Amino acid sequence: MTRQDPYHAPLPSGPSGCGTACTNAPTRFFLKRQSTVMLVFVAGAAGLMGCVKQATGSRELPSVRGVSGAQALRLGDSVRAVLTRAIADSAFPGAYAAVGTADGVIVEYGVGRLDVADGSRPSSTTIWDLASLTKVIGTTSAMIQLVGSGRVVLDSPVVRYLPAWKAPGAERITVRDLLSHSSGMPAWRALYKEATTPEEAERQLFATSPDTLPGVRYVYSDLGFILLGKLVERVSGERLAPYDSAHVFAPLGMTDTRYLPPATLLPRIAPTEQDPWRQRKVRGEVHDENAVRLGGVSGHAGLFSTGQDLARFARMYLGFGTLEGVRVFDSVAVATFTRMQDSTISRRALGWETPTGGNSAGSRLSAAAFGHTGFTGTSLWMDPAQGVFVLLLTNRVNPTRENRKIAGVRTALADAAVGALRGDVGR
């Protein structure tokens, strides 16, 4: 007998029209649950502008334009149901999800605990190891700025900007090839086993050749994004971490997003794996082994961030490069980087994924959507056509990376969020 997918189970209907969980909501403007806290910021049922209250207090917050009370209630129940099922299925120890628009967060929800030894409930200020979200939040952001300013040309050879990469075949690869994972570079190499210092790891990287011609096939390559991180440093004259902090995170008010978080932030950081290589539980240092060997800062992994910060990042993208009057990316470059490049090879954009029908986008995001995932259990999708973002942050590798239930949670969350906002939940 086929086991029912626990994350896509239909919601029971209740008097509110959005599931029985809505029936105990004290008002249509905010919800407070016994097991966890969900914050819902909404406009009135008629779409009127005004103020709403945070579930944990009486502080007045601006509402989200164009979102009705019914939509927010339906969305809240849908997000809560997906994450509650995932916790019951042991998909991760803890998680935080947020759904919003360019104008703000509609619903955010924390469930579970950070670790078996730390019962803290995840919230918007919990710090997570982003893993491969680093590729798009950090490295791709820097590349959008360098391309938008004309300092990097997408179809120029990478070696024009990174002359230290002298491996045979490197001269054929363009910047666009690396960003779209069509360069022919291998997916991975155990740099952490081959080198003992960041300098040795970099030498091994620059000695690595492509194993196929560029533009022939799609291979998701960590090595390609490590090279892009080095390219950013060479062109900008700044190390990757301070570049991202000064030119991306600070202008967006992303105050908790950084590489190499200090020990003072440990209580807020979700632990990851009981790592067999390091022979200890990892908390506050990057989970990815190659990123460790490269000094904790790399183009493919190393960033830590919060739901609060990443919601601002997503809102900026839905604003075509602008947030709260601050322009961070050129709008033309944003359109270029989020557009599928060559459908004969893959559905990849530049840095970003686009929906395939089988990836974490689920089935309800539009063809204009773009997003990415991270190995530790993170994901972010944005859909400019529907004006919505869906963020999921977890530590699904705690205590072991062999827990692979996250895929079903990601698609269920995306589908539930979009369905709730459109009013077609369960259809």
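Definitions and limits used
Residues numbered from 1 in each chain as written. Predicted model: local features only at pLDDT ≥ 70, side-chain atom pairs only at ≥ 80, totals over all residues. Heavy atoms only, no water. Helix = DSSP H or I, 4+ residues; strand = E, 2+ residues; numbered from the N terminus. Buried < 20%, exposed > 50% of the residue type's maximum accessible area, 1.4 Å probe, protein only. Contact = heavy atoms within 4.5 Å. Pairing = 2+ DSSP bridges. Expected span 1.5 Å × (residues − 1). Bend = angle between axes of the 7 residues up to and from the residue. Phe/Tyr/Trp six-rings, centres within 6.5 Å; stacked < 30°, edge-to-face > 60°. Lys NZ or Arg CZ within 6 Å of the ring centre and 35° of its normal. Polar contact = N/O pair within 3.5 Å; in protein donor to acceptor, adjacent residues only side chain to side chain. Salt bridge = Lys/Arg side-chain N within 4 Å of Asp/Glu carboxyl O. Axes fitted to C-alpha atoms, helices over the stretch in contact; angles between N-to-C directions. Left-handed = near helix turned anticlockwise from the far one by under 90°.

Engineer: I would appreciate a short explanation of the overall build of the protein chain in the present structure.
Structural biologist: The number of helices and strands found in the protein chain is 12 helices and 15 strands. Residues counted as buried form 60% of the 427 residues belonging to the protein chain. For the protein chain, restricting intrachain contacts to residue pairs at least 6 apart in sequence, the fraction spanning at least 24 positions comes to 63%.

Engineer: Explain the sheet that holds strand E10 (residues 303-306) here, please?
Structural biologist: Paired through their backbone hydrogen bonds, the strands of a sheet run either parallel or antiparallel. Taken in spatial order, the 3 strands line up as E6-E10-E7 in an open sheet, and their pairing is antiparallel. Since the sheet does not close on itself, it has two edges, and those belong to strand E6 (127-129) and strand E7 (258-259), each with one partner. Of the strand pairs in this sheet, E7 and E10 are connected by 2 bridges, and their pairing is antiparallel. When the sheet's bridge partners are listed, Tyr-259 is paired in E10 with Leu-303.

Engineer: Explanation requested: helix H8 (residues 240-252) in the structure shown.
Structural biologist: An α-helical segment advances 3.6 residues per turn. Residues three or four places apart therefore align on the same side. Here H8 spans 17 Å end to end across 13 residues, near enough to the 18 Å set by a 1.5 Å rise per residue. Considering bend angle alone, the principal kink of H8 is centred on Ala-246 and spans about 35 degrees. When H8 is considered as a whole, its buried residues turn out to be Leu-240, Ala-241, Tyr-243, Asp-244, Val-248, Phe-249 and Leu-252. The inward-facing, buried residues of H8 contact helix H2 (133-148), helix H7 (222-236), E7, E10, helix H10 (307-318) and strand E11 (322-323). Residue Gly-253 follows H8 closely and has a positive phi angle near 70 degrees.

Engineer: Could you clarify how one ought to interpret the packing of aromatic side chains in this entry?
Structural biologist: The description of an aromatic ring pair rests on the distance of the ring centres and on the angle between the ring planes. Inspection of every chain in the model, using the stated rule, returns 7 aromatic pairs. Both rings, one in Trp-188 and one in Tyr-192, keep their centres 6.3 Å apart while their planes meet at 55 degrees; by these two values the pair is tilted. A residue is classified by how much of its surface remains accessible, and Trp-188, at 44% relative accessible area, is partly exposed. Judged by centre distance (5.3 Å) and plane angle (70 degrees), the rings of Trp-352 and Phe-370 are edge-to-face. Residue Trp-352 is found in the loop between helix H11 (331-337) and strand E13 (370-374), and its partner Phe-370 is found in strand E13; the two are separated by 18 residues along the sequence. Given a relative accessible area of 0%, Trp-352 falls into the buried group. Taken together, Phe-313, Tyr-317, Phe-329, Trp-352 and Phe-370 form an aromatic cluster joined through their ring pairs. Directly above the aromatic system of Phe-375 lies the positively charged group of Arg-396, at a separation of 4.5 Å from the ring centroid.

Engineer: Just checking my understanding: could you explain the environment of Arg-278 for this structure?
Structural biologist: Along the polypeptide, Arg-278 turns up in the loop between strand E8 (274-275) and strand E9 (280-281). With relative accessibility at 13%, the residue Arg-278 sits in the buried group. For the pair Arg-278 and Glu-289, spaced 11 residues apart in sequence, the C-alpha separation works out to 9.1 Å. Leave out the neighbours within four places in its chain, and Arg-278 touches Glu-285, Val-286, His-287, Asp-288 and Val-292. Here Asp-275 takes part through its side chain, which lies 2.6 Å from a polar atom of the side chain of Arg-278. At 2.9 Å, the side chain of Arg-278 and the backbone oxygen of Val-286 are in polar contact.

Engineer: It is not clear to me how the pattern of salt bridges should be interpreted in this structure. Could you clarify?
Structural biologist: A side chain of one charge can pair with a side chain of the opposite charge when the charged atoms of the two come close. Scanning all chains against the criterion turns up 22 salt bridges. The salt bridge partner of Asp-275 is Arg-278, with a shortest N-O separation of 2.6 Å. Given a relative accessible area of 1%, Asp-275 falls into the buried group. Linked by salt bridges that have partners in common, Glu-273, Asp-275, Arg-278, Arg-280, Glu-285, Glu-289 and Arg-401 make up one network.

Engineer: Can you walk me through the packing of H2 against H10 in this structure?
Structural biologist: Packed helix pairs are specified by the crossing angle of their axes together with the interaxial distance, meaning the distance between the axes. Closest axis-to-axis distance for the H2/H10 pair is 13 Å, and the angle between their directions is 35 degrees. Once H2 is placed against H10, the crossing between them reads as left-handed. Of the residues in H10, those in contact with Val-136, Ile-137, Ser-141 and Ile-144 of H2 are Leu-310, Phe-313 and Tyr-317.

Engineer: Please explain the environment of Arg-396 as it appears in this structure.
Structural biologist: Looking at the secondary structure, you find Arg-396 in the loop between strand E15 (388-394) and helix H12 (406-422). Overall, Arg-396 belongs to the buried group, its relative accessible area being 5%. Between the C-alpha atom of Arg-396 and that of Phe-92, which follows or precedes it by 304 residues, the distance is 4.3 Å. In this view, Arg-396 contacts Ala-91, Phe-92, Phe-375, Thr-376, Gly-377, Arg-401, Asn-403, Arg-404 and Ile-406; residues no more than four positions away in its chain are not counted. Side-chain polar atoms of Arg-396 contact the backbone oxygen of Phe-375, separated by 2.9 Å.

Engineer: What's the story with the side chain of His-287 in this structure? I'm lost.
Structural biologist: Its location among the elements puts His-287 in the loop between E9 and helix H9 (289-293). A residue is classified by how much of its surface remains accessible, and His-287, at 3% relative accessible area, is buried. Beyond its immediate sequence surroundings of up to four residues, His-287 is in contact with Asp-129, Thr-272, Glu-273, Arg-278, Phe-375, Thr-376, Val-397 and Arg-401.

Engineer: I tried to follow the pairing of E15 on my own but got confused; where do I start?
Structural biologist: On a regular strand, each side chain points to the face opposite its neighbour's, so the side chains alternate between the two faces of the sheet. Burial of E15 is extensive: 7 of the 7 residues sit out of reach of the surface. Burial along E15 is two-sided: the residues Val-388, Val-390, Leu-392 and Thr-394 and Phe-389, Leu-391 and Leu-393 are all buried. Both strand E4 (residues 94-101) and E15 contribute to a ladder of 6 bridges, which runs antiparallel. Bridged to Tyr-96 within E15 is Leu-393. Both strand E14 (residues 378-383) and E15 contribute to a ladder of 5 bridges, which runs antiparallel. Looking at the pairing, Trp-381 lines up with Val-390 of E15. Hairpin connection of E14 to E15: 4 residues between the antiparallel strands, including Gly-387 at a positive phi of 70 degrees.

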